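This is what each chain is made of:
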Amino acid sequence: MDYSHKSIEQKWQKFWAENGTFKTAESTEKPKYYVLDMFPYPSGAGLHVGHPLGYIASDIFSRYKRLKGFNVLHPMGYDSFGLPAEQYAIQTGQHPAITTETNINRYREQLDNIGFSYDWSREVRTSDPSYYKWTQWIFMQLFNAWYNKETDKAESIETLITKFETAGSQNINAESDEDVLTFTAEEWKAFSEEEQQRELLKYRLAYLRESTVNWCAALGTVLANDEVINGVSERGGYPVEQKKMMQWSMRITAYADRLLRGLDTIDWPEPLIEMQRNWIGKSVGASVKFPVPQLDTNIEVFTTRVDTIFGVSFIVLAPEHELVSALTTDAQKAEIEFYIDKTSKKSELDRMADTKTVSGAFTGSYAKHPITGEDVQIWIADYVLAGYGTGAVMAVPSGDQRDYVFAKHFNLPIIPISDSQNIEEEADPNKDGKYINSGFINGMTYQEAVPALISKLEGLKLGKAKINFRMRDAIFGRQRYWGEPVPVYFKNDLPYLIKEEELPLLLPEVDKYLPTETGEPPLGRAENWKYQDQYEYELSTMPGWAGSSWYWFRYMDPKNAESFASKEATSYWKAVDLYIGGSEHATGHLLYSRFWNKFLKDLGFHNEEEPFKKLINQGMIQGRSNFVYRLSNFGTINSDVKFNNIIVSYNYYKAFIDYFNSSKLDEIYLGQDGFYEDINQEILIFSLDKFGKDLANIVFAKDSSLERLTLRYNSFTPLHVDVNIVSNDILDTEKFKSFRPDFADAEFVLEDGKYICGTEVEKMSKSKFNVVNPDDIIANFGADTLRLYEMFLGPLEQSKPWNTNGIEGVYKFLRKVWRLFHDAEGNFNVSDEEPTKAEYKALHKIIKKVEDDIERFSFNTSVSAFMICVNELTDLKCNKRKILQDLIIVLEPYAPHITEELWALLGNEAGTISYAVYPKFNPEYLVESEFAYPVSVNGKMKMNLPLALDLDAKAVEEIVLGNADVQRYLDGKAVKKLIFVKGKIINIVV
RNA sequence: GCCUAGGUGGUGGAACUGGUAGACACGCAGGACUUAAAAUCCUGUUCCUGUUAAAGGAGUGCGGGUUCGAUUCCCGCCCUAGGUACCA
């Protein structure tokens, strides 16, 4: 019987599903291992070959870990709230739940075809009420919590209330809004309920506040900073404007430092850690106050270089700074207003792009230097950002390049502050020298000056050490329908949680999925949707990242109705051991998930500080488009002749283009014999000879009265051609005619009888006809081939274009595996004889290799090693059970269907190969007496020495000299030096 | 600009801590089997010089360096991809 991937794969996929082969339970006998994929948003387009790349890798890893005796949790689900289903609903009126359900079913079918070992009994869907009940519940916990900096963790809001009741607001060290009140215990108790709630809201981790948001009118919603790319929405590319709105926010900044420190404890790709680090953006420095006596206030600045304070020659405020108008003198008023007006008209994009022009305006006012008391000019300029630090900086032109440029431009003083500075051309921020012109720190080093200054400023009550973060609190509301409702109602404009037993707060039905006439979110359309028929519910829904910020917990205990996951489940499965997904989630999902994980830990629901111990980013699979080149834009003498359906092979096209590029001609002419440079058909172009003749044959056969054709650089138009009718870049011309019926009578100018297509790497998209569907590959070659080939394509973490060219090689390999178990007639034929040494060697090489490769996620090299191994066994005509059985266990993670079939043919119980024991590597089989390795002599010549010399360095000298081969080679020369590496002779110096 | 990763045949890529560069696969060329096709198998395939061959030379983006020996380590530069953007 031949290898029939179709029947084998269907048979085993059915078997696994019916027998629950991959159902996982908590087990005390085996160590646990949790392998997680980033769950997909089920889009209408279905999966293309790029999607399963990471899933295949994680499946290989899961299956490998099972063979290694681990109890593996490997689940899958759907991040099923999201915009596309809602957009579709707006257009068609179909409920997003229906669209989502349809798409999920399609995804499931496609995933099943690939033979993943998911435990589908643990599937989760974020849009399922039994799931989002717990998303809402977590929101409630966040609302009911504050961050105590004293204990460095989140606590129940009750502990804060107790503190307020006993000692008022003093001694509270909390993460909060900036405008918190100061009050005593008595004052607190005297507050009205409303006042108390208003105050508590400033401390809650989920809180409401007026904030400037990225409002996208086209999408009718608010976007997070990371959903806005270059001023337009990430999804759809619509313009985004700044708008003030009451918004739910998450106090993720409370966790900034823990999020940063945690990065050192996890095994993630360096670029990703770096991205999170930059995103959090911690800078250590000082906050310094510059008194402004005339207004009886201070200007607070943040600096990372408090040591340069004596170099301050002016202060710069952001144009939006609140003190600007008060500081502006009458004389400067016109100038300042003009400047503010000018910068406010600049879009965010312009302000970003234009970093060269120096601009700013003097307010006319002065502040006092906190230490010297001297007058310091106050300026405004748009290089200072209102959103970072305090929106004001102390300018030190000698130490900061931007300040330097600004000072030069406006002719402000530049004060050198260090004896090692060179400020002739530009600012010099070095910290190496001793200070000059710096009052009491003159002569000190950087290390001495900083603490001295901090304590001085603290003594003056004009400054203190401070740490600043770039990260902002995350906005947690969308004016959308298809998301989790926020379990909140409003009484006197203040938010209150609904009762826990009333969860889930179900998404109500609406007549349309659009905002209401009054501009409320779609939920405003829900009729009679009121808490206890009295109070308005919150009308915004949660953002896309809500449901994905805790889903790995739900897989641990997916059916639990009492909690999001039981303590037993979380303490058994702990954290995710291996997480595979794309790097595009670096500052979104991966950051929010870490935040919620830490929060839930603080409340005691589990014990893991970090959710994902090891993370791998799989690369993107790009599309590889194919092109054909159609003759167009040409001239004829009699203009009624048309040749719009002649299509030339790629290399002709390329030669043609190259010719134009090198010859710099505007036109060339096609005559009966080929291409000519001149209109009189005298100078024949030999480099395009064959092409010209082939093309002429077709053209002049169509119209013999024609004298010549005039062709220009753009005379051939590239057309996208469906990659599915192209194989190894050779076009199936018959299929092309049905692909483009408008070219049914097309004629092809072939090279060597073939039509070769041009190629280009582009994004995979329908319009470029370069989408490759895994189902098609599976139909032709099978799931095992797809799995192996996706791995074979290159390193997992690298982005690469999809290219089906090499898939034959992998398919051939699987057939060779099949043939090892079958004789020439196709009958199953495995012998019980004892294998030879060579056979054991081939086997043990692959056992070791695959083990090493999988542990370091180098799946592509394993596939090559499998090919070598099977070629060796084929050459040895090996059909020994002892070899083949171990071989298929090692291969099982990569190609589970064929191995499962062969496993059963060997007489093992059906469906048990996944839980077989990974064969033990025995190094003895790899040792061979004839093994030799190269050495060089005087670093140049090369020769092979027998393994007999592969000994401990001390013993070698004698043996070398006594070795016949070496003696013959060295021909009596005296050996001066022997160089050893790892006990082997590498070089002999004579 | 800054941060990170990378640059190896016609192509995808291999070489794991410095030790025969180009494994494996695709493609290509030639051959075997076959009436033929498919399938399968065998041989060759980095480039240059050389009539085949023997042999020699060059060679991992470019220029230097360390080393007996560098795709691998160091310095400078060029290019590509991803991230980030006046962060005080």
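Whatever comes next refers back to the structure up there.
Structural notes, computed from the coordinates. (Residues numbered from 1 in each chain as written. Chains lettered and ligands numbered in written order. Predicted model: local features only at pLDDT ≥ 70, side-chain atom pairs only at ≥ 80, totals over all residues. Heavy atoms only, no water.)

Considerations on helix α25 (residues 807-820)
Then comes step 1: Here α25 contains 14 residues, and its C-alpha end-to-end distance of 21 Å stays within 8% of the 20 Å for a straight helix at 1.5 Å per residue.
Then comes step 2: By the burial criterion, the buried members of α25 are I807, V810, Y811, F813, L814, V817, W818 and L820.
Then comes step 3: Among the structural elements, α1 (5-19), α23 (774-781), α24 (783-792), α27 (859-875), α28 (881-891) and α29 (896-905) are those in contact with the buried residues of α25. (Helix = DSSP H or I, 4+ residues; strand = E, 2+ residues; numbered from the N terminus. Expected span 1.5 Å × (residues − 1). Buried < 20%, exposed > 50% of the residue type's maximum accessible area, 1.4 Å probe, protein only. Contact = heavy atoms within 4.5 Å.)

What to know about the packing of α1 against α23
Then comes step 1: Running from N to C, α1 and α23 point in directions that differ by 115°, and their axes come no closer than 8 Å. On α23, the residues that touch H5, K6 and E9 of α1 are I778, A779, N780 and F781.
Then comes step 2: Split into classes, the residues belonging to the contact of α1 with α23 amount to 3 nonpolar, 2 polar and 2 charged. (Axes fitted to C-alpha atoms, helices over the stretch in contact; angles between N-to-C directions. Nonpolar A, V, L, I, M, F, W, Y, C, P; charged D, E, K, R; others polar.)

Structural notes on the side chain of T303
Then comes step 1: Note that T303 resides in strand β12 (residues 297-303).
Then comes step 2: Here R305 takes part through its backbone nitrogen, which lies 2.9 Å from a polar atom of the side chain of T303.
Then comes step 3: If sequence neighbours within four positions are ignored, T303 has contacts with G285, A286, V288 and M394. (Polar contact = N/O pair within 3.5 Å; in protein donor to acceptor, adjacent residues only side chain to side chain.)

Side note on the sheet that holds strand β13 (residues 314-317)
Then comes step 1: Strand order in the open sheet formed by 4 strands is β14-β15-β13-β16, and the pairing between neighbours is mixed. In this open sheet, the two edge strands, each paired with only one partner strand, are β14 (361-368) and β16 (392-395). Here the strands of the sheet are splayed against their neighbours by 30° on average, with no regard to which way each runs.
Then comes step 2: Bridge count between β13 and β16: 4 bridges; the pairing is antiparallel. (Pairing = 2+ DSSP bridges.)

Let's talk about helix α15 (residues 446-459)
Then comes step 1: Spanning 14 residues, α15 covers 20 Å between terminal C-alpha atoms, matching the ideal 20 Å at 1.5 Å per step.
Then comes step 2: Within the span of α15, buried status applies to Y446, A449, A452, L453, I454 and L457.
Then comes step 3: For α15, the secondary structure elements touched by its buried residues are β11 (282-292) and β17 (463-469).
Then comes step 4: A positive phi of about 55° marks K461, the residue just after α15.

A word on the packing of aromatic side chains
Then comes step 1: Considering all chains together, one arrives at 82 aromatic pairs under this definition.
Then comes step 2: On the numbers, 5.9 Å between centres and 65° between planes, the contact of F143 with W248 is edge-to-face. Within this pair, whereas F143 is found in helix α5 (residues 129-143), its partner W248 is found in strand β10 (residues 241-250), the two being separated by 105 residues in sequence.
Then comes step 3: Among the residues examined, W248 registers a relative accessible area of 1% and is labelled buried.
Then comes step 4: Between the aromatic rings of W550 and F564, the centroid separation amounts to 6.1 Å while the plane-to-plane angle is 85°, which identifies the pairing as edge-to-face. Placement of W550 in the loop between α16 (545-548) and α17 (551-556) and of F564 in the loop between α17 and α18 (567-573) is noted, with a sequence separation of 14 residues between them.
Then comes step 5: Judged by relative accessible area, which is 0%, W550 ranks as buried.
Then comes step 6: Above the ring of F70, the side-chain terminus of K65 is found at 4.2 Å from the ring centroid.
Then comes step 7: Here the basic side chain of K491 rests over the ring of Y496, its NZ or CZ set 5.0 Å away from the ring centre. (Phe/Tyr/Trp six-rings, centres within 6.5 Å; stacked < 30°, edge-to-face > 60°. Lys NZ or Arg CZ within 6 Å of the ring centre and 35° of its normal.)

Some thoughts on the pattern of salt bridges
Then comes step 1: Enumeration according to the criterion identifies 51 salt bridges in this entry.
Then comes step 2: With a shortest N-O distance of 2.9 Å, E851 and K68 are connected by a salt bridge. Remark: K68 occurs in the loop between α2 (52-67) and β2 (71-73) and E851 occurs in helix α26 (residues 837-855); sequence separation between them is 783 residues.
Then comes step 3: Two residues, D577 and K613, come together in a salt bridge whose shortest N-O distance is 3.4 Å. Of this pair, D577 sits in strand β23 (residues 576-581) while K613 sits in strand β24 (residues 612-617), and the two are 36 residues apart along the sequence.
Then comes step 4: Judged by its relative accessible area of 10%, D577 falls in the buried class.
Then comes step 5: One connected set of salt bridges, linked through shared partners, spans R258, R594, K598, K601, D602, E609 and E610. (Salt bridge = Lys/Arg side-chain N within 4 Å of Asp/Glu carboxyl O.)

Notes on the environment of W596
Then comes step 1: You can see W596 is positioned in helix α19 (residues 589-602).
Then comes step 2: Judged by its relative accessible area of 0%, W596 is buried.
Then comes step 3: The spacing of W596 and W550 is 46 residues in sequence and 6.8 Å in space, taken between C-alpha atoms.
Then comes step 4: When residues no more than four places from it in sequence are discounted, the contact partners of W596 are T135, I138, L142, M250, F476, W545, A546, S549 and W550.

Overview of the sheet that holds β11
Then comes step 1: As summarised here, the arrangement of the 3 strands in space is β12-β11-β17, forming an open sheet in which the pairing is antiparallel. In this open sheet, the two edge strands, each paired with only one partner strand, are β12 and β17. For this sheet, the mean angle separating the axes of adjacent strands, direction not counted, is 35°.
Then comes step 2: Here β11 runs beside β17; their pairing, made up of 7 bridges, is antiparallel. Within β17, the residue paired with S287 across the bridge is K464.
Then comes step 3: Against the sheet, α15 touches β11 and β17, its axis set at about 110° to β17.

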